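These are the residues of each chain, in order.
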Amino acid sequence: MSPTSSKKFKNPRAKYNFQGRSCSISGVGSYVPERILTNADLEKLVDTTDEWITSRTGIKERRQAAKDEFTSDMGARAALSAMQKAGVTAEQIDLIILATITPDMPFPSTACLIQRKIGAHRAAGFDLEAACSGFIYGLEIGQQFIMSRTYDTVLVIGAEKLSSIVDWKDRNTCVLFGDGAGAAVLQNRPNSHGLLTAVMGADGRKADLLFMAGGGSRCPATAESVAARQHYLRMEGKETFKNAVQAMQTAAKEALRRCELDISRIKCIIPHQANQRIVDAVGERLGAKPEQLFVNLHKYGNTSAASVAIALDEAVTSGRVQRGDLILMVVFGAGLTWGAAVIEW
Ligand code: UT7
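Description of the structure in this document. No experiment lies behind these values; they were computed from the predicted model shown.

## What about the pattern of salt bridges?
Overall, the coordinates contain 16 salt bridges when judged by the stated rule. A salt bridge links Asp 73 to Lys 117, with the shortest nitrogen-to-oxygen separation between them at 2.8 Å. You can see Asp 73 sitting in helix α4 (residues 71–86) and its partner Lys 117 sitting in helix α5 (residues 110–118), a full 44 residues away along the chain. A salt bridge links Asp 203 to Arg 205; the nearest nitrogen and oxygen atoms lie 2.9 Å apart. By relative accessible area, which is 12% here, Asp 203 ends up buried. Relative accessible area serves as the criterion here: at 75%, Arg 205 is assigned to the exposed category. Through salt bridges with shared partners, one network takes in Asp 167, Asp 170, Arg 229 and Arg 234.

Structure, rendered in C-alpha cells:
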C-alpha cells in the first residue's frame with residue numbers, strides 16, 4: 001500500500017506518518033561551478049543578443065564546469081554539503097540515487113563514482129535518467145525505500161555537466177543550459193516533517209521533442225556521428241514549452257489534490273528552472289501569487305536534474321522557507337517526463 005495515496009487525510013501531516021515510518025528531508029545542499037558565462041559572452045559565440053535571451057527566457061548567466069570538473073565532482077560536493085547540514089556521516093548512507101543525463105561515462109554509474117568520492121562505502125547506488133524531472137523521481141524512489149523499511153538514509157542527488165552535451169554552434173539551445181548539482185538527505189524520522197506526496201508521469205510518444213541521438217546503442221560514437229553533431233542535445237523549443245506548461249500544471253494540481261491542499265497554503269513553489277515564461281504561465285494556471293514562486297534561473301539557466309535541487313537548497317539557505325512551511329516542487333523534462341512533490345519543510 002502506498003504511504004501517500006492509500007487514504008485521504010484532512011491533516012496532511014498525518015499522511016507521511018505511516019506505520020511508524022516517515023520520510024523526512026533532513027538536509028539539502030548544492031554546488032555550482034565558479035565560471036560564469038554571461039549573455040554577453042554568448043553574443044561572441046553565436047548570433048544572439050542579451051535582449052533576446054533575457055526577454056525569451058529570463059536567463060542572464062549560467063555556470064560552466066571546468067574541463068577537469070565532472071558531474072561526479074559537482075554531485076559529490078552537493079552531497080557532502082547536504083550530509084553536513086543533515087548531520088549524517090558517509091557510513092550512515094544506505095543508498096545513493098543520482099539523477100542525471102550527463103553521467104561521467106556510460107558505466108560504471110556516476111552514483112558509484114560519487115560513492116567513492118564521499119566515502120559512503122556501505123551504500124548501494126544507481127543512476128536515474130528522467131532528464132529534468134529526475135530529482136523528483138529520485139525523491140519518490142528514495143521515499144519508497146524508506147517507507148518500505150528497506151533503508152533508513154537515502155541520498156538523492158541531481159547533478160549535470162550540460163556544457164558537455166550542448167552544441168555551442170546552436171543558438172536555439174546553447175543559451176539555455178548550465179552546470180551544477182543539488183542534493184537531499186532523506187531519513188526515516190517518525191513524527192517529523194517530510195515529503196507528503198510525489199507525482200510522476202511520462203509520455204514516450206513525445207520523445208522526439210528533446211533528445212540526444214548519439215552515444216547509445218542506436219547510434220554509437222563514430223567519426224560520422226561526431227561529424228553530424230549527433231552527440232549534442234536537440235530540442236523543439238516551442239512544442240516543448242507548450243507541453244511543459246500543460247504537464248507541470250497538471251502534476252502540481254494532482255499533488256495538491258492528493259494532500260487536500262489549496263495553492264494558497266503553499267509558502268514556496270519551486271518550479272523547474274527552464275524559462276521564466278514557463279514559470280509565470282504555470283504559476284498563473286495554478287492561481288499562485290508571483291511572490292510564491294521561487295526563481296533562480298537568471299543566475300544558472302536550466303540545469304536539468306539539478307535545477308529544483310539547487311533551488312530547494314537556495315530557498316532554505318536564504319530563509320525563504322522555514323521549518324513547517326509547505327513547499328510545492330514541480331518539474332518537466334525530456335521523455336517526456338514530469339513530476340511534482342509537496343513537502344512540509
Ligand atoms: O528542461 C526541459 C524543458 N525545456 C523547456 O521547457 C524549454 C522550452 N522552450 C523554451 O523555453 C522556448 O521555446 C525557447 C526559449 C527555447 C525558444 O523561445 P520561443 O519563444 O519558443 O522562440 P522560437 O523557438 O519560436 O524562436 C523564435 C525566433 C526564431 O527565429 P525565426 O525563425 O522566427 O526567424 C529563432 O531562430 O528566435 C530565433 N532564436 C534566437 N534568436 C536569437 C532562437 N534562439 C535564438 C537566440 N538568439 N538564442
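## A few points about the site of the ligand
Close contacts around the ligand come from 23 residues, with Thr 48, Arg 56, Lys 238, Asn 275 and Asn 302 the closest. Between Gly 237 and the ligand, the recorded distance is 3.0 Å, taken from a backbone N or O atom to a nitrogen atom. In this structure, an oxygen atom belonging to the ligand sits 3.0 Å away from a side-chain N or O atom of Arg 277. In the complex, 75% of the free accessible area of the ligand, which totals 950 Å², lies under the protein chains.

## As for the sheet that holds strand β7 (residues 180–188)
In space, the five strands of this open sheet follow the order β1-β7-β6-β4-β5, with mixed pairing throughout. Only two strands of the sheet have a single partner each, and these edge strands are β1 (23–31) and β5 (124–128). Neighbour to neighbour, the strand axes of the sheet diverge by 15° on average, direction disregarded. Sheet topology places strand β6 (residues 153–160) next to β7; eight bridges connect them, and they run antiparallel. Within β7, the residue paired with Glu 160 across the bridge is Gly 180. Against the sheet, α5 touches β4 (95–99), β5 and β6, its axis set at about 125° to β4. Along the sheet face, helix α12 (residues 307–317) touches β1 and β7 and points at about 100° away from the line of β1.

Reading the values: rules and limits
Residues numbered from 1 in each chain as written. Predicted model: local features only at pLDDT ≥ 70, side-chain atom pairs only at ≥ 80, totals over all residues. Heavy atoms only, no water. Salt bridge = Lys/Arg side-chain N within 4 Å of Asp/Glu carboxyl O. Helix = DSSP H or I, 4+ residues; strand = E, 2+ residues; numbered from the N terminus. Buried < 20%, exposed > 50% of the residue type's maximum accessible area, 1.4 Å probe, protein only. Near = heavy atom within 4 Å. Polar contact = N/O pair within 3.5 Å; in protein donor to acceptor, adjacent residues only side chain to side chain. Areas by Shrake-Rupley, 256 points an atom, 1.4 Å probe, with all protein chains shown as cover. Pairing = 2+ DSSP bridges. Axes fitted to C-alpha atoms, helices over the stretch in contact; angles between N-to-C directions. Contact = heavy atoms within 4.5 Å.

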